[in-house]
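Results of the structural survey
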Amino acid sequence: MERKRTECPALPPGWKKEEVIRKSGLSAGKSDVYYYSPTGKKFRSKPQLARYLGNAVDLACFDFRTGKMMPGKLQKNKQRFRHDAQSLAKGGKPDLNTTLPIRQTASIFKQPVTKVTSHPGNKVKTDLQRGVEQPRQLFWEKRLKGLRSSDVAEQVLRTMDLPKGLQGIGPDSGDDVLLSAIASALHMSSAPITGQTSAAAEKNPAIWLNTSQPLCKTFTVTDEQIREQELKVFQARRSLEEALMADSVARAAENTRELRGKTA
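Note that this is a predicted model, so its numbers are computed, not measured.

Along the chain, the regular secondary structure elements total seven helices and eight strands. Taken across its 264 residues, the chain has 18% of its residues classed as buried. Sequence-distant contacts in the chain: of pairs separated by 6 or more residues, those separated by 24 or more amount to 34%. With an accessible surface of roughly 21400 Å², the chain has 54% of that area assigned to carbon and sulfur atoms.

A few words on the environment of Thr218. Relative to the helices and strands, Thr218 resides in the loop between α6 (205–208) and α7 (223–263). Overall, Thr218 belongs to the partly exposed group, its relative accessible area being 46%. As for Thr218 and Ala199, which are separated by 19 residues in sequence, their C-alpha atoms are 8.9 Å apart. When residues no more than four places from it in sequence are discounted, the contact partners of Thr218 are Thr194, Gly195, Gln196 and Thr197. Of note is the side chain of Thr218, whose polar atom sits 3.4 Å from the backbone oxygen of Thr194.

Turning to the nonpolar core, a few remarks are in order. Within the largest apolar cluster, 12 residues are counted, these being Cys8, Leu11, Trp15, Val33, Tyr35, Phe43, Leu49, Leu53, Val57, Leu59, Phe62 and Phe64. Looking at this core, the elements with two or more residues in it are β3 (31–36) and α1 (46–53). With residues up to four places along the chain from it excluded, the contact list for Leu53 reads Leu11, Trp15 and Leu59.

This paragraph deals with the packing of aromatic side chains. Inspection of every chain in the model, using the stated rule, returns five aromatic pairs. When the ring of Trp15 is compared with that of Phe43, the centres are 5.4 Å apart and the planes differ by 40 degrees; the resulting orientation is tilted. Here Trp15, found in the loop between β1 (2–7) and β2 (16–21), pairs with Phe43, found in strand β4 (residues 42–43); they are 28 residues apart in sequence, far enough to count as distant. Through successive ring pairs, a cluster of aromatic residues spans Trp15, Phe43 and Tyr52. Arg5 extends its terminal NZ or CZ atom over the ring of Tyr36, reaching a point 4.0 Å from the ring centre. In this structure, Lys42 packs its charged tip against the face of Tyr34, placed 4.1 Å from the ring centre.

Cut-offs used in this document
- Residues numbered from 1 in each chain as written.
- Predicted model: local features only at pLDDT ≥ 70, side-chain atom pairs only at ≥ 80, totals over all residues.
- Heavy atoms only, no water.
- Helix = DSSP H or I, 4+ residues; strand = E, 2+ residues; numbered from the N terminus.
- Buried < 20%, exposed > 50% of the residue type's maximum accessible area, 1.4 Å probe, protein only.
- Contact = heavy atoms within 4.5 Å.
- Areas by Shrake-Rupley, 256 points an atom, 1.4 Å probe, with all protein chains shown as cover.
- Polar contact = N/O pair within 3.5 Å; in protein donor to acceptor, adjacent residues only side chain to side chain.
- Core = buried A, V, L, I, M, F, W, Y, C linked by side-chain atoms within 4.5 Å.
- Phe/Tyr/Trp six-rings, centres within 6.5 Å; stacked < 30°, edge-to-face > 60°.
- Lys NZ or Arg CZ within 6 Å of the ring centre and 35° of its normal.

See below:
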């Protein structure tokens, strides 16, 4: 290796710069730069040098490779830091609008293009409903086929009998799939559930299907059906209340027997 040690005027008196040129290997011809303090201590990097000197010397524009003060480098660093701060303030992404776009063509040379930011005659139309609405898959209810509910003992529960007015349409529209589809529609949507109101949906549901409604023909719920359902709900709540009362009485009686046994 060839070594060249010279005085470094950018640093305090007594500091020397050493450049070591590599003679062999894949990196032959390249050089490594080191600095030596007046006491002979060796420094291999600019951060190490800055930690040693502290506030005694401002190394902001010091170039470690050449050993010179370069004010232009300091200006570039300030611009880079200012750009990074602005980028972070805007969400961490660089502002690409500050530079002209470059069209990448088959040519190896970069060609500038004209950047047009506004057109007075243009009008931007926004459809909020279309932007919010998400696409839905046709006949997604088929994925519910074969699913059965079970109790804590892993016994399959009996399926519910649907009214005669509820008739499914579309491929593989069985009662189990129709029941799951109606339950999902009631749970996921706040709109009224009316079924497929278009008569054409029965002939070709793949085209005329309303994806916001379950796969069943249009139906009407009468007042009599509502009263019957209210009666069933009332009876179910009454049976649940009686079962809870009986369980509470049984627990109280059991606690009383335990207390008598302890006092006897």
